[in-house]
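Summary of structural features
One letter stands for each residue in the lines below.
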Amino acid sequence: FCLLLEPRKRRPGEPPLEAGWIPFLGVALDYGKDPLAFLRETQKKCGNVFTCKIAGKYFTFITDPFSFPAVVRQGKNLDFHKFAIGFSQRVFGHADFLAPVYYNGFREVHSIFHQTLQGPSLTQLAQSMLGNLQAVLRQNLPKGEDWAVEGLQSFTNRVMFDAGYLTIFGQQDAGPSADGDNNRTDNKSDLCMRQVAQHFLVFDRAFPEMAAGLPIHLCVRAWLAREALAEKLNHSRLQRNHSMSALIRRRMDAFDSMPLDERGKAGTHVSMLWASQANTLPAAFWSLYHMLSSPQALSAARAEVDRVVEQSGDPDQPISISREQLDSMFVLGSIIEEALRLSSASIMIRVASDDFTFTLDSGQTAAIRKGDYIAMYPQLIHMDPEIYPSPTEFQFDRFLDEAGQRKSEFYKNGRRLKHYLVPFGSGASECPGRFFAMCEIKMFLVLLLWHYDMELAQSDAQHRLSTDCTRAGLGILPPTQDVLVRYKVRPRSSSS
Ligand code: HEM
């Protein structure tokens, strides 16, 4: 206990140590207030590698983007799973997959991500998402000529959550109602979906506290919401769903062959629900918000969507877009990447599995102690004015080159960067759902641009929204508040 309170002594060869003056907490308060500002200040004072004591733990930050590859290559000294599984077990209430009894099975489960979220499987998953997005929009949006008004965040959450959930977990077969009324069946499914979405949002809201170490049992509402989600995602219920993704079908088979109880299996599906939605919802929000806030972005995006959709057959039928067509939409791609750059604040963490010496790109070395964390904070890159001039400004064409294709050349100190945009992490922890996430958001924007006229309410169009920094470290930051948007069906004649 005393060791936790006492700042440790810096040993020869170790990076500068920022231990703060508050016992146990160290610099946690300054870091927590504004991680980006704190890390920039410390980088100015200490250079590209330094250790911070944060809530009893020691984090060595590597801030030089040219040194990222050496960390993400992750030799035998750096471990990603130890940290990630420990956190996930605590928050989602699933088994300890690091225990020898589970470990081999878990490695197999992990490989399912890549087999079902990327490559040829992605085509099918994206088509399923496109169908679900169109179904959700058809059910929920006004059909008349009048403007509807709604919060942009609540609109985005509703459409993206429902379509994403149906795509990954499938559709519950509600069965016919006793009197054969189909509307009542639809209402029942809709009510069930609203409950799941509500539980998800309550659970997700408590993430900053849980990430800071508060046990979930002390976040009572979040705990109840998590248990309600686990109940909805238990195997006996999921087995009744149709049109489920290969990802969940294969994970269910794999977990059924492991020595897990039903609650333990459901906990893994809650973690998958969180991974598939928690970042996608705010990313879709910011992409749409920035696009609507910039007349140039909106008109370039609309021209691109009209060109691609008009090629794809009868514009009055449900839209079909191939992956190749989605990949060719560079304007939408640039809008989404720019929105991710501005809103992403994830932290990449590895655990040192031994004492070792880390060599930075510059040749400088840093002695690292076993058990310490190595951390990288990509927002330092995303907000670096040398890499991105006027970094706080939304520039819709920042990721377009002169030929209108995806731009991937960004420089610092005259050297080309490999890691210039890192919203999805990198190396062992790189998000396996990243290609699907980009498809989902692109399709969302395509459908809205094609079917609707949409604009921010006048008063909200004038002031710029800011990000909610209390979630820094957890991924895409949500807005501090919602804004009103109005939308109506787009008269078809105006598009032709
Ligand atoms: C992991 C970002 C969407 C599935 C991650 C990580 C990041 C991230 C930064 C790494 C976390 C770490 O280093 O600990 C995002 C963003 C998304 C998104 C920004 C949307 C814009 C999705 C989607 C899915 C998904 C749609 C699935 C359908 C996962 C999974 C992991 C993960 C399963 C854990 C991987 C592992 O344990 O190796 N994501 N993600 N993500 N993401 Fe995503």
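The structure this text deals with has already been given above.
Here we summarise the structure given alongside this text.

Definitions and cut-offs
Residues numbered from 1 in each chain as written. Predicted model: local features only at pLDDT ≥ 70, side-chain atom pairs only at ≥ 80, totals over all residues. Heavy atoms only, no water. Donors = N, O, S within 2.8 Å, 3.2 Å for Na, K, Ca; no water. Helix = DSSP H or I, 4+ residues; strand = E, 2+ residues; numbered from the N terminus. Pairing = 2+ DSSP bridges. Contact = heavy atoms within 4.5 Å. Axes fitted to C-alpha atoms, helices over the stretch in contact; angles between N-to-C directions. Parallel < 35°, antiparallel > 145°, perpendicular 65-115°, else oblique. Left-handed = near helix turned anticlockwise from the far one by under 90°. Nonpolar A, V, L, I, M, F, W, Y, C, P; charged D, E, K, R; others polar. Core = buried A, V, L, I, M, F, W, Y, C linked by side-chain atoms within 4.5 Å. Buried < 20%, exposed > 50% of the residue type's maximum accessible area, 1.4 Å probe, protein only.

In ideal tetrahedral geometry, four donors around a metal make angles of 109.5 degrees, whereas ideal octahedral geometry with six donors gives angles of 90 or 180 degrees. With respect to protein ligation, the iron atom of the ligand binds only Cys431 (SG), at 2.3 Å. By secondary structure assignment, the location of Cys431 is in the loop between β14 (415-416) and α20 (434-451).

To continue, consider the sheet that holds strand β9 (residues 348-352). One open sheet accounts for 6 strands, arranged β1-β2-β3-β12-β9-β4; its pairing is mixed. Only two strands of the sheet have a single neighbouring strand rather than two, namely β1 (17-18) and β4 (78-79). Packed onto the sheet, helix α3 (residues 35-46) meets β1, β2 (49-54) and β3 (57-62) and runs at close to 130 degrees relative to β2. Along the sheet, helix α5 (residues 81-92) contacts β4, β9 and β12 (373-376); its crossing angle with β9, the most-contacted strand, is approximately 110 degrees.

In this section: the packing of helix α8 (residues 152-169) against α20. Relative orientation of the contacting elements α8 and α20 amounts to 130 degrees, with a least axis distance of 12 Å. On the basis of their axis angle, the class for α8 and α20 is oblique. As for how α8 packs across α20, the hand of that crossing is right-handed. In contact with Phe155, Thr156, Val159, Met160, Gly164, Thr167 and Ile168 of α8, α20 contributes Phe436, Glu440, Ile441, Phe444 and Leu448. Split by residue class, the contact of α8 with α20 holds 8 nonpolar, 3 polar and 1 charged.

Ranked by size, the top nonpolar core spans 133 residues in total, and within it Phe203, Leu288 and Phe444 carry the most contacts. Apart from residues no more than four positions distant in its own chain, Leu288 is found in contact with Leu152, Phe155, Thr156, Phe444, Leu445, Leu448 and Met454. Counting residues in hydrophobic clusters, the runner-up holds 25 residues, among them Ile62, Val72, Phe358 and Tyr388.

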